[in-house]
Amino acid sequence: MAEFDILVLAGDGIGPEVTDEGVRALDAIGERFGHTFNRSEDLVGGACIDAHGVAIQPHTIEAARNADAILWGAVGGPKWSDPRAPVRPEQGLLALRSELGLWANLRPVVVDPQLADNTSLKPEVLEGVDILVIRELTSGVYFGQPQERRTVNGGRAAVDTMYYHEEEVARVAHLGFQLARGRRGKVTSVDKANVLESSRLWREVVEEVRPEYPDVECEHILVDAAAMHLIRRPSDFDVVITTNLFGDILTDEASMLAGSLGMLPSASLGELREDGLGFGMYEPIHGSAPDIAGQGIANPVAMFLCTAMLLRHSCGLEAEAQALEAAVAAAIGDGLRTADIAVGGEQALSTREMADAILARLEG
């Protein structure tokens, strides 16, 4: 029996709805396998702005430092979307990533054969798709300085800085090569080296790291070409390493391979211990989806898979992670669908109904 401390930050929109199901999954795993998951909760994002005037409070960051992992929902929505607002929900997310050193965002993209007909692509294009995208998370254009509005010749101007230090690139490259060794042995580095100086540094550093992994194939692709090839030949990709901005965009595109944003989890990790485990923040990539918030129709699959990643990467519970993933696969295999992945007259289950079906298939 093991005991873990989990900080639950549900956030806004559908965040609380799907996070509730992730908590239920933890409880089910704990009951079946004899573990204890102690949970604490707090406000972040728009909910925190409404209550306290900030996107995250200092004590929340401190609570995160003392936890084994964070289960994160989503932040943002039309209520807080004024681009002139000095406080925005996303500031809470960026603060956690920066303060806790969560520099690597792992986004697996796996196509379930049962859903190959539920996407907009031909099933034969999706055959064998199993991609792991590693997105650099604490630098690049989202964090570079200056980042500001200016007045130039009496008119409005704005600047964002895409900054990278060689050490930030190298640690992503090392992680990519290391993880590729346990997969199909191929790394694709995505940049824009034909235009951006920061991308030329990125490519240069990846090439310097490459000789340490002679058993791993490495290719460099420009981001616009990568966007095309993700749709044209997605099964050619194994491990993809890329910058903060490019990774954000490409993984949203890649979600369509799996059928929906509601299918894809992510893990934000920093430095790991010698046993390969460490603190992480686990969040679906789908965002707050304000258009369906409160309707009870959000897809809980991404959150269940996030919970499995939490069990694997922060708790070291591999068998438990596989059991949860198997329960998800069994539900999908039995034809159960939520609205975002239902086609051709398939019955669409509610968030709770889909979650109940998954948990009913959990074996331990």
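Heads up: the structure comes first, above all this text.
The structure contained in this document is the topic of the report that follows. Remember, it's a predicted structure, so these values are computed and weren't measured experimentally. (Residues numbered from 1 in each chain as written. Predicted model: local features only at pLDDT ≥ 70, side-chain atom pairs only at ≥ 80, totals over all residues. Heavy atoms only, no water.)

### Thoughts on the environment of V44
So, point 1. Relative to the helices and strands, V44 resides in the loop between β2 (36–41) and α2 (45–52).
So, point 2. What makes V44 buried here is its relative accessible area of 0%.
So, point 3. Between the alpha carbons of V44 and T19 there is a distance of 13 Å; along the sequence they are 25 residues apart.
So, point 4. Residues contacting V44, with those up to four places away along its chain left out, are L9, G11, D12, A55, I56, T60, W72 and V75. (Helix = DSSP H or I, 4+ residues; strand = E, 2+ residues; numbered from the N terminus. Buried < 20%, exposed > 50% of the residue type's maximum accessible area, 1.4 Å probe, protein only. Contact = heavy atoms within 4.5 Å.)

### Things to note about the layout of surface pockets
So, point 1. In this structure, the largest pocket occupies an estimated 630 Å³ of space.
So, point 2. Around the largest pocket sit 23 residues that line it, and P108, V110, P265, L305 and E325 are the ones nearest its centre.
So, point 3. Every element with two or more residues in the lining of the largest pocket is listed here: β4 (104–110), β5 (130–136), α10 (301–313) and α11 (318–333).
So, point 4. At 5 residues, α10 tops the list of elements feeding residues into the lining of the largest pocket. (1 Å grid on protein atoms, 1.4 Å probe; cavity = no way out; pocket = protein on both sides within 12 Å on 5 of 7 lines; lining within 4 Å. Points joined across faces, edges and corners; volume = space filled by probe spheres on them.)

### A few points about the environment of R183
So, point 1. Mapped onto the secondary structure, R183 falls in the loop between α6 (166–181) and β8 (186–191).
So, point 2. A relative accessible area of 31% places R183 in the partly exposed class.
So, point 3. As for R183 and L132, which are separated by 51 residues in sequence, their C-alpha atoms are 9.4 Å apart.
So, point 4. If sequence neighbours within four positions are ignored, R183 has contacts with D130, I131, L132, D238 and V239.

### Quick word on empty space enclosed by the protein
So, point 1. Considering all chains together, one arrives at 1 cavity of 30 Å³ or more under this definition.
So, point 2. Its volume calculated, the largest cavity comes out at about 40 Å³.
So, point 3. Lining of the largest cavity is provided by V133, V190, A226, L230, F237, V240 and L250.
So, point 4. Grouping the amino acids of the lining of the largest cavity by side-chain chemistry returns 7 nonpolar, no polar and no charged. (Nonpolar A, V, L, I, M, F, W, Y, C, P; charged D, E, K, R; others polar.)

### Let's talk about the packing of aromatic side chains
So, point 1. Applying the stated criterion across every chain yields a total of 3 aromatic pairs.
So, point 2. Between the aromatic rings of F4 and F37, the centroid separation amounts to 5.7 Å while the plane-to-plane angle is 20°, which identifies the pairing as stacked. Here F4, found in strand β1 (residues 3–11), pairs with F37, found in strand β2; they are 33 residues apart in sequence, far enough to count as distant. You'll find F4 and F37 in the same group, each marked buried.
So, point 3. Ring plane angle 75° and centroid distance 5.5 Å describe the contact between Y164 and W202, whose orientation is recorded as edge-to-face. Taken as a pair, Y164 in the loop between β7 (155–161) and α6 and W202 in helix α7 (residues 197–209) lie far apart in primary sequence, 38 residues in all.
So, point 4. Under the relative-accessibility criterion, W202 is labelled buried at 0%.
So, point 5. For R233, the ring lying beneath its charged end belongs to F237, and the centroid distance is 5.8 Å. (Phe/Tyr/Trp six-rings, centres within 6.5 Å; stacked < 30°, edge-to-face > 60°. Lys NZ or Arg CZ within 6 Å of the ring centre and 35° of its normal.)

### Observations regarding helix α4 (residues 90–99)
So, point 1. All of the buried residues along α4 are G92, L93, L96 and R97. Looking down the long axis of α4, one finds its buried residues gathered within 130° of arc, a one-sided arrangement.
So, point 2. For α4, the secondary structure elements touched by its buried residues are β1, α3 (58–65), β3 (69–74), β5 and β12 (280–282).
So, point 3. Residue G101 follows α4 closely and has a positive phi angle near 65°. (Arc of directions from axis to C-beta.)

### Remarks on the pattern of salt bridges
So, point 1. Taken as a whole, this structure holds 27 salt bridges when the rule is applied.
So, point 2. In this structure, R24 and E21 form a salt bridge, with 2.7 Å as the shortest nitrogen-oxygen distance. Here the residue R24 and the residue E21 both occupy positions in helix α1 (residues 15–33), the gap between them amounting to 3 residues, near one helical turn.
So, point 3. You can call E21 buried: its relative accessible area is 2%. (Salt bridge = Lys/Arg side-chain N within 4 Å of Asp/Glu carboxyl O.)

### Brief notes about the packing of α1 against helix α12 (residues 351–360)
So, point 1. At a minimum axis distance of 11 Å, the contact between α1 and α12 shows a crossing angle of 20°. With respect to each other, α1 and α12 are oriented roughly parallel. In this structure, α1 crosses over α12, and the sense of that crossing is right-handed. Residues E17, E21, R24, A25, A28 and R32 of α1 pack against T351, R352, A355, D356 and L359 of α12.
So, point 2. A per-class count over the contact of α1 with α12 returns 4 nonpolar, 1 polar and 6 charged. (Axes fitted to C-alpha atoms, helices over the stretch in contact; angles between N-to-C directions. Parallel < 35°, antiparallel > 145°, perpendicular 65-115°, else oblique. Left-handed = near helix turned anticlockwise from the far one by under 90°.)

### Some words on the sheet that holds β1
So, point 1. Spatially, 10 strands are ordered β2-β1-β3-β12-β11-β4-β5-β10-β8-β9 in an open sheet, and the strand pairing comes out mixed. In this open sheet, the two edge strands, each paired with only one partner strand, are β2 and β9 (217–222). Across the sheet, the axes of successive neighbouring strands diverge by a mean angle of 25°, strand direction being ignored.
So, point 2. Pairing of β3 with β12 involves 3 bridges; the strand directions are parallel. (Pairing = 2+ DSSP bridges.)

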